[in-house]
Each structure stands twice: as structure tokens, then as C-alpha cells.
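# Structural overview for review
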Amino acid sequence: MALIRVGSRGSRLALTQAELAGDALRAAAGSPVEIALVPITTAGDRDRTKPFGEIGARGVFVKELEEALLAGRIDVAVHSAKDMTSTDATGLAVGAYLPRDDPRDALCGVDSVRPGMRIGTASVRRRAQLLALEPELHIEPMRGNIDTRLRKRVERGLDAIVLAACGLDRLGLETEIGHRFDPDQLLPEAGQGALALQVRAGEEQLVSAIDDAETRRRVEAERACVAAVGGGCTAPVAAHHDGERLTALVAAEDGSWIERITGDDPAQLGLALAELELARTRHEAATDSARDGR
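## With respect to the pattern of salt bridges
- For the coordinates displayed, the defined rule picks out 25 salt bridges.
- A salt bridge links Arg 104 to Asp 102, with the shortest nitrogen-to-oxygen separation between them at 2.9 Å.
- You can call Asp 102 buried: its relative accessible area is 14%.
- When the shortest N-O distance is used, the salt bridge between Asp 242 and Arg 245 registers 3.7 Å.
- Note on Asp 242: relative accessible area 38%, which makes it partly exposed.
- With relative accessibility at 38%, the residue Arg 245 sits in the partly exposed group.

Okay, structure coming up:
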């Protein structure tokens, strides 16, 4: 019997997602296959207090899994696609995407956003868009897995927290959701809702039978858009393909400035985002310089 070692983070959600991938691999196999789940602790799991930007932003839940793949300790790494960097690590490839689940952000605790509410999130993307929707919100940092954040909302007396709807759905916690934000309200993170099965380059056939072509088309366009923005952009960025159009967003962290653009070419949209952010920072620098000179 063939053995496939599937690497995953050790959280309840991550292991549930790895089991979904394992079930799909078993169903697609032409002969019996044994799936061995291998929990791996990542930098994002070890440090649950610092903001993501201080421990590496995108990729903090991915690096150790990729290292295990390259070292041959696992055969497949299962990632939430939104956690991945916008370009594949050298020597690795996404061999399959499972069919995408709900990509939207979910508001837990209440059913609408109102002035003065205290909302918890660790995401600068969510923070910026929430403040653009309602400038009178109080956004408080919050880290931890889903169960931890649901508990912290109550302990800290927050009105609400924002989480990925897909994670709550996969854990059977959809009753915690008071409102699912339309992408026109909160544009999702690139890859949100999709599970990516990463393998060593050249070994894509190990998982290719379960690849969902439509999910790949959309998620790869989103990742390419973010990649085209470039590493120099530190502003919140988002990209989402709804099946018909690709929408990209760049914003100020405080929600005071936000730009959305749509199109078909991920690279062009990414470059346009970078140019918008550069123009904004130059304008702010010029304004500050003029103010200081008075």
C-alpha cells in the first residue's frame, strides 16, 4: 500500500483541512493508499502575541512546512492558500487546489457593523476596510486560532471579531457567524477559501488528480496580482477573482484612503496598485514637508 505523508499545522482547523485533502487523495487513488498526517509547528504558531508584520507577515504559517517538503520529511503540505506567499518557493509547486469554499470574511458576535463597536482582528487588510466602512470603529489586535479568538471575544468584552467564513464552516461553527461580508464591503485575501496542496517540483502527479481547475484559475490570478505589487509595498493589499472579474485593492491602514480596481490582467492590476500606493506616499511626504516648512 502506498504511503503519502501529509504535512499540516497542528491546529484543529489545519488538521481538519489536512483530513479533507487526505480523503480526496484516497477517493482519487486507483489503488489503496495510506495517508499519514504529520503535524508541524510554524513560526506563526510559536509566536501568538506579536503582530504578523513583526514575525514575517505572509508565509509565517508556511515556511516550516515547505522546509519539511524540501527535506523529504513529508510528501505533501496542505496550506490555506491565503497563508502562502505570492510566489512559489524554489523547488516546490502547488500540485492541486481543492474546490474553493466561501472566500468571504465573517463578522462574529453581531449581525452588522455600527459606530463605536470594538472589533478584534490581527489583519491590517481587514482593519483598513472595516475603518473605511465605519470610521468610528475601535479595532483591537487579536491573534490565535479560531477557538481561541472566539473565546477571547467574550473574555475581552468585544462586540465582534472578524474571521474567514470558510474556517468556521469547516469546523461546523457557522452559527457563530452574524454576517458574511460581501466582497464589495471587505475584499478577501488572495487565496482565501481555497486549500493548496504543495509538493516538490516534478512530483505534481502525486496530487494532480484532485486539482480543481476553476479554483486554480482564480487563485493563481489573485496570487499573481499580489506578486506584481512587489515587496516594497507595505500597505494593505487584497485581490479576489469572482469568476468573471479580478478585483484588487490597496488602502491606508487607518481606512482613510482606499482604492479598488478591476480588470483581466493580474500583472497590470498589481502594477497599478503599486503605482497608486507610491503616488499616495509621495503626496503624503510632500504634504508633511510643506507643513514642516511653515
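Read on, since the account is not over.
## Details of the packing of aromatic side chains
- For the coordinates displayed, the defined rule picks out 0 aromatic pairs.
- Taking the ring centre of Phe 61 as reference, the NZ or CZ of Arg 9 above it sits at 3.8 Å.

## Describing the sheet that holds strand E6 (residues 118-120)
- As summarised here, the arrangement of the 5 strands in space is E7-E6-E8-E5-E9, forming an open sheet in which the pairing is mixed. Pairing within the sheet leaves two strands with one partner each, and these edge strands are strand E7 (138-140) and strand E9 (177-180). Pairwise comparison of adjacent strand axes, ignoring direction, gives a mean angle of 30° for this sheet.
- Relative to E7, E6 runs parallel, the two being bridged by 3 bridges. Paired with Ile 119 across the bridge in E7 is Ile 139.
- Its contacts with the sheet put helix H5 (residues 124-133) on strand E5 (105-108), E6, E7 and strand E8 (160-164), and the angle it makes with E8 is roughly 125°.
- Sitting on the sheet, helix H6 (residues 146-155) touches E5 and E8, and the angle it makes with E8 is about 165°.

Cut-off values and rules
- Residues numbered from 1 in each chain as written.
- Predicted model: local features only at pLDDT ≥ 70, side-chain atom pairs only at ≥ 80, totals over all residues.
- Heavy atoms only, no water.
- Salt bridge = Lys/Arg side-chain N within 4 Å of Asp/Glu carboxyl O.
- Buried < 20%, exposed > 50% of the residue type's maximum accessible area, 1.4 Å probe, protein only.
- Phe/Tyr/Trp six-rings, centres within 6.5 Å; stacked < 30°, edge-to-face > 60°.
- Lys NZ or Arg CZ within 6 Å of the ring centre and 35° of its normal.
- Pairing = 2+ DSSP bridges.
- Helix = DSSP H or I, 4+ residues; strand = E, 2+ residues; numbered from the N terminus.
- Axes fitted to C-alpha atoms, helices over the stretch in contact; angles between N-to-C directions.
- Contact = heavy atoms within 4.5 Å.

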